Amino acid sequence: MAPDGDIGERLRALSGGSAVALRLDPHEYADHYFAALAATLRDLGPDSSSMTIYVSVTNPASLVWSLAQALDVTADRLWFVDAISHIMMNYRDPLPNATYIESPRMLEDMMLRVEYLLRKYPSPHPTVVIDSVNSLAIHNPPDLLSEFFHILLNNLKSRQVLTALLVVSDDTTSALDQMLALVVDETIDLGRRG
Amino acid sequence: MADGALPGGPASEPPGERCPSGIEALDNILGGGFPRGHLVLVAGSVGTGKTTLTLEFLVRGAERGERSLFLSVTEASSKLRQNLSTFEFFRPELVSSGRLVFVDIPVVYEKLGLDHEELTLEEIDLLIRAIQGLVTELKISRLVIDSLTSVCYRIRREERIRDFMLKLSQVLADLNCTTLLVSEIGQASGRFSLHGVEEAIVDGVILLGNTRRQGDIIRVLQIIKMRGTSHSRAQYVVELTPIGLLMAPHLKGGRQEGM
């Protein structure tokens with residue numbers, strides 16, 4: 001198995017505007033999740049010129065932020081779009097670098113918050129991380145989700161934004177896999193590194 | 001259509017100067033902005049963003065050096081000016097330099113001595129001339145009346161509202177002043193103005209409203225009509241942010257809706 005740094009290297013090799021699926025093995029979820037965070041938040045950005053927007057649907061932004069801090073990621077250029085804290089009634093201490101959406105069903109709001117952050121904090125090499133496709137699929141019907149990803153990813157592609165979608169393998173339907181095959185340019189399987 | 005032009009393509013747009021709203025997504029779906037000198041109704045129920053949209057139209061215009069006037073009927077202009085500070089792109093110099101002007105219509109009523117509850121024909125003419133005078137003297141190229149509904153409450157009779165609208169439309173078109181008229185409507189009124197007369201006369205109608213998906217309320221915008229432009233007829237979700245109004249396509253997920 002290759003070191004985690006290899007994932008970051010593969011992501012860096014992708015051209016701006018690419019969409020990549022990061023497949024996590026459910027049997028090694030904790031390790032893979034941490035590796036995905038290290039690759040997207042630490043290895044890929046934020047550096048001095050890049051910004052990362054982390055759309056959290058699986059875990060509250062506060063939890064992801066604490067993991068990011070363990071990776072020595074600073075808050076300067078990391079923004080969260082948190083779509084889960086409200087629905088989990090876990091909205092007591094909002095992060096200063098997070099914007100909150102009431103429910104993971106409000107997909108247009110997710111698009112608009114990402115748009116807002118991209119406009120407000122222009123960056124030459126922005127990255128958007130969506131955590132995760134599976135969580136979005138729990139709250140949204142497949143047709144709606146397909147339309148969401150199609151519009152969002154095309155929009156981000158046209159703006160040269162690198163997008164990473166976290167996907168837990170074995171936990172997806174064939175419809176979801178087909179949709180992902182249509183919208184992403186590359187898949188990195190964290191269970192098959194090296 | 002010009003030779004080789006495709007329906008809906010850029011070359012199919014008829015010639016004519018545009019007045020960009022400054023709201024990027026709105027200008028995109030309008031083919032560059034409102035046709036200059038047109039009268040456009042911005043209709044919606046309470047809390048749908050009508051005043052915010054019209055304020056942004058004026059501030060963005062003033063930023064471009066176009067003199068902009070907000071005629072307020074329902075809310076004191078001092079309060080509206082305070083609300084402007086929520087826009088990150090607003091600069092107080094726009095007001096102090098006279099590029100962005102606020103006038104309270106009740107003050108105009110008072111100056112003109114329009115104290116009848118229902119305006120007479122002569123009083124309606126006086127009001128139109130007063131608006132014409134303000135636009136001419138201040139060299140206004142962008143105007144907002146918030147709200148047309150409140151003005152029409154004092155005109156009351158449909159035939160007089162029609163007359164008022166026709167004259168106002170003519171006067172402002174002659175002055176090449178692009179005008180947004182705020183129209184307050186109920187959630188399910190089925191029309192875009194108080195009497196239905198107003199929407200027939202204006203050049204364009206923008207509808208703001210709320211829709212529901214699985215119980216969640218979503219704020220949406222749709223262009224109902226815009227003469228002289230092949231605009232989008234799709235529905236968009238809007239968000240009012242400190243950097244201005246943002247829009248995204250309203251996702252349907254394959255749902256079919258009846259007409």
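Note: the structure precedes this text.
Residues numbered from 1 in each chain as written. Chains lettered and ligands numbered in written order. Predicted model: local features only at pLDDT ≥ 70, side-chain atom pairs only at ≥ 80, totals over all residues. Heavy atoms only, no water.

Caption draft 1: Structural view of the sheet that holds strand 7 (residues 186-189) of chain A. All names here are of chain A. As summarised here, the arrangement of the 7 strands in space is 4-3-2-5-6-1-7, forming an open sheet in which the pairing is parallel. Strand pairing shows two members of the sheet lacking a second neighbour, strand 4 (98-100) and strand 7, which therefore form its edges. Sheet twist, expressed as the mean angle between neighbouring strand axes with direction ignored, is 20°. (Pairing = 2+ DSSP bridges. Helix = DSSP H or I, 4+ residues; strand = E, 2+ residues; numbered from the N terminus. Axes fitted to C-alpha atoms, helices over the stretch in contact; angles between N-to-C directions.)

Caption draft 2: Seen up close, the packing of aromatic side chains. Residues and elements named next belong to chain B. Taken as a whole and assessed by the stated rule, the structure comprises 8 aromatic pairs over all chains. Ring geometry for Phe-70 against Phe-102: centres 5.6 Å apart, planes inclined by 35°, an arrangement best described as tilted. In this pair, Phe-70 is assigned in strand 4 (residues 68-72) and Phe-102 in strand 5 (residues 100-104), connecting sequence segments 32 residues apart. Judged by its relative accessible area of 0%, Phe-70 falls in the buried class. Its relative accessible area of 10% is what places Phe-102 among the buried residues. (Phe/Tyr/Trp six-rings, centres within 6.5 Å; stacked < 30°, edge-to-face > 60°. Buried < 20%, exposed > 50% of the residue type's maximum accessible area, 1.4 Å probe, protein only.)

Caption draft 3: Spatial organisation of the pattern of salt bridges. As enumerated under the stated definition, the model contains 25 salt bridges over all chains in all. A salt bridge links Arg-42 of chain A to Asp-43 of chain A; its shortest N-O distance comes to 2.8 Å. On the basis of relative accessibility, which here comes to 40%, the residue Arg-42 of chain A falls in the partly exposed class. A salt bridge links Arg-213 of chain B to Glu-108 of chain A; the shortest N-O distance between them is 2.4 Å. Here the residue Arg-213 of chain B occupies a position in strand 8 (residues 204-213), and Glu-108 of chain A occupies one in helix 4 (residues 107-120), the pair thus bridging two chains. Each of the two residues, Arg-213 of chain B as well as Glu-108 of chain A, counts as buried. (Salt bridge = Lys/Arg side-chain N within 4 Å of Asp/Glu carboxyl O.)

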